[in-house]
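# A look at the structure
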Amino acid sequence: MNIQADEVKTIASQLLAAMLSNPHIYPQVSDEGCCGNMEQQLIIISVEMAESLMEHIEKTHSQSERKLVSQQ
């Protein structure tokens with residue numbers, strides 16, 4: 001597995017853990033366990049958030065590199 005996929009998984013799992021521990025987002029465990037609709041929605045949201053964060057970081061990093069190169 002590539003490094004970027006590993007980073008997305010790591011960030012997504014941390015985001016998911018934070019969401020699951022927030023009673024305002026996730027008030028109770030469903031009877032279906034991790035296969036429930038609410039759990040699946042939270043997993044999808046956490047992966048999308050992780051991917052978005054990674055894209056933002058990469059975009060910001062590439063813009064910073066261009067600025068440094070143009071200043072030299």
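Structure shown above.
Below: a short report on this structure. Every value quoted in this text rests on a predicted model; they were computed, and no experiment measured them. (Residues numbered from 1 in each chain as written. Predicted model: local features only at pLDDT ≥ 70, side-chain atom pairs only at ≥ 80, totals over all residues. Heavy atoms only, no water.)

Right, let's get into helix 1 (residues 3–20). The first and last C-alpha atoms of helix 1 sit 26 Å apart over 18 residues, in line with the 26 Å expected at 1.5 Å per residue. Turning to helix 1, its buried residues are Val8, Ala12, Leu16 and Met19. Taken down its axis, helix 1 places every buried residue within 65° of arc, on the same side. In helix 1, the exposed positions angled more than 90 degrees off the buried face are occupied by Ile3 and Gln14. Looking at the buried side of helix 1, the elements it contacts are helix 2 (37–71). (Helix = DSSP H or I, 4+ residues; strand = E, 2+ residues; numbered from the N terminus. Expected span 1.5 Å × (residues − 1). Buried < 20%, exposed > 50% of the residue type's maximum accessible area, 1.4 Å probe, protein only. Arc of directions from axis to C-beta. Contact = heavy atoms within 4.5 Å.)

A cluster of acidic side chains, namely Asp6, Glu7, Glu48, Glu51, Glu55 and Glu58, defines a negative patch on the protein surface. Of all elements in the fold, only helix 1 and helix 2 reach the threshold of two or more residues within the negative patch. When residues of the negative patch are assigned to their parent elements, the largest contribution, 4 residues, is made by helix 2. Among the secondary structure elements, Glu7 is positioned in helix 1. Residue class for Glu7 comes out partly exposed when judged on its relative accessible area of 37%. (Patch = residues over 30% accessible without salt bridge, like charges linked within 9 Å, V, L, I, M, F, W, Y side chains within 5 Å. Areas by Shrake-Rupley, 256 points an atom, 1.4 Å probe, with all protein chains shown as cover. Salt bridge = Lys/Arg side-chain N within 4 Å of Asp/Glu carboxyl O. Lys, Arg positive; Asp, Glu negative; His and termini not counted. Charge placed at Lys NZ, Arg CZ, Asp CG, Glu CD.)

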